[in-house]
Amino acid sequence: MPHIPSLTQVQLEILRLAKENDGEMLQLSFESPVMGQGEPPSDHPPLMQEMIDLGLLEVQSSRVYCDTSRFQRDCWFEYCANLELPSIYAWELWRQEFIEKQEGSTTLISPGEEFEDFSYVWVQEMIFRAVQPS
């Protein structure tokens, strides 16, 4: 009887997307906080590493670099989409909502207090594809 691994909802969604694009290489980016000595993560994100170890994903390439958070930027721009002129007050409201939505997260990445002061993060980009387990 084959072993069927227990995967999280996020892992199942990544695997579903990879299977939908069978044989094609997909790109995924992860953000993590810059902490301690500011050294970049040396491993793949745990949820991806587990799928690699199970033989479900094959990584073609990966890279890590430091940049401002695209996730924060995208959330901010989405929040401002219907605002005629984003203000410092709107930034403060958005920032508070953004932080509250992350409560309970193990990797809290808070935007700065200054207007459009997005956090610096480690961005891990991976190019991968799904493989059939043997």
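All values reported here derive from a predicted model rather than from experimental measurement.

## Some details on the packing of aromatic side chains
Scanning the entire structure with this criterion turns up nine aromatic pairs. Ring centres of Phe-71 and Phe-98 lie 5.7 Å apart, and the angle between their planes is 50 degrees; on these two criteria the pair is classed as tilted. Note that Phe-71 is positioned in helix H3 (residues 70–80) and Phe-98 in helix H4 (residues 88–101), a separation of 27 residues in sequence. Residue Phe-98 is classed as buried on the basis of its relative accessible area, which comes to 7%. For the ring pair Trp-76 and Trp-91, a centre distance of 5.0 Å and an interplane angle of 75 degrees mean the geometry is edge-to-face. Residue Trp-76 is located in helix H3, and its partner Trp-91 is located in helix H4; the two are separated by 15 residues in the primary sequence.

## Some thoughts on the packing of H3 against H4
Relative orientation of the contacting elements H3 and H4 amounts to 125 degrees, with a least axis distance of 11 Å. When the axis of H3 is compared with that of H4, the two are oblique. Relative to H4, H3 is oriented so that their crossing is right-handed. Each of Phe-71, Gln-72, Cys-75, Trp-76 and Tyr-79 in H3 lies in contact with H4, whose residues at this interface are Ala-90, Trp-91, Leu-93, Trp-94, Glu-97 and Phe-98. By residue class, the composition of the contact of H3 with H4 is nine nonpolar, one polar and one charged.

## Digging into the environment of Ile-14
Looking at where Ile-14 falls in the secondary structure, it is placed in helix H1 (residues 9–20). What makes Ile-14 buried here is its relative accessible area of 10%. Considered as a pair, Ile-14 and Glu-58 are 44 residues apart in the sequence and their alpha carbons are 13 Å apart.

Cut-offs applied
Residues numbered from 1 in each chain as written. Predicted model: local features only at pLDDT ≥ 70, side-chain atom pairs only at ≥ 80, totals over all residues. Heavy atoms only, no water. Phe/Tyr/Trp six-rings, centres within 6.5 Å; stacked < 30°, edge-to-face > 60°. Helix = DSSP H or I, 4+ residues; strand = E, 2+ residues; numbered from the N terminus. Buried < 20%, exposed > 50% of the residue type's maximum accessible area, 1.4 Å probe, protein only. Axes fitted to C-alpha atoms, helices over the stretch in contact; angles between N-to-C directions. Parallel < 35°, antiparallel > 145°, perpendicular 65-115°, else oblique. Left-handed = near helix turned anticlockwise from the far one by under 90°. Contact = heavy atoms within 4.5 Å. Nonpolar A, V, L, I, M, F, W, Y, C, P; charged D, E, K, R; others polar.

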